[in-house]
Amino acid sequence: MGFFDSEIVQQEAKQLFEDYQSLIQLGSNYGKFDREGKKMFISQMEEMMDRYRIFMKRFELSEDFMAKMTVEQLKTQLSQFGVTPQQMFDQMHLTLERMKSELEKQT
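Residues numbered from 1 in each chain as written. Predicted model: local features only at pLDDT ≥ 70, side-chain atom pairs only at ≥ 80, totals over all residues. Heavy atoms only, no water.

Now for the overall build of the chain. A tally of helices and strands in the chain yields 4 helices and 0 strands. In sequence order, the chain lays out its α and β elements as α-α-α-α. Expressed along its principal axes, the backbone C-alpha trace of the chain runs to roughly 50 × 30 × 20 Å. Burial analysis of the chain (107 residues in total) assigns 27% to the buried set. (Helix = DSSP H or I, 4+ residues; strand = E, 2+ residues; numbered from the N terminus. Buried < 20%, exposed > 50% of the residue type's maximum accessible area, 1.4 Å probe, protein only.)

Evaluated as defined, the whole model comprises 9 salt bridges. For Glu 12, the salt bridge goes to Arg 58, with nearest N and O atoms at 2.6 Å. Note that Glu 12 is positioned in helix H1 (residues 7-27) and Arg 58 in helix H2 (residues 35-61), a separation of 46 residues in sequence. Put simply, Glu 36 and Lys 39 hold a salt bridge, and the shortest N to O gap is 3.5 Å. Here Lys 39 and Glu 36 lie together in helix H2, a separation of 3 residues that amounts to about one turn. The exposure class assigned to Glu 36 is partly exposed, which follows from its relative accessible area of 45%. Overall, the relative accessible area of 38% leaves Lys 39 in the partly exposed class. Each of the salt bridges in this network shares a partner with another, and the network as a whole consists of Glu 46, Glu 97 and Lys 100. (Salt bridge = Lys/Arg side-chain N within 4 Å of Asp/Glu carboxyl O.)

It is worth stressing that arrangement in space is one thing and function is another; only the former is reported here.
Okay, here's the thing in structure tokens:
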């Protein structure tokens, strides 16, 4: 059975995508959030990035051809912006750390 044939993988990918879309939509109002709302949003984004990182690691470790192709496609797409997957995760982490730092300054 291929990586993408797994019902668990399909469900997890679908849930990850839906959760990400919801957070991005919610994040468009970030500036209107109160302090606690901003903390919750940052926490949810950190959790999302952890889930995404784990999901991508499973792709990388898989022997399935389609999983390997998916990783290569991601690398190719990111390289067009001069970024590796690790740099993407590092940048997301830095952004969330900056957001936390800004919240701390507001106290």
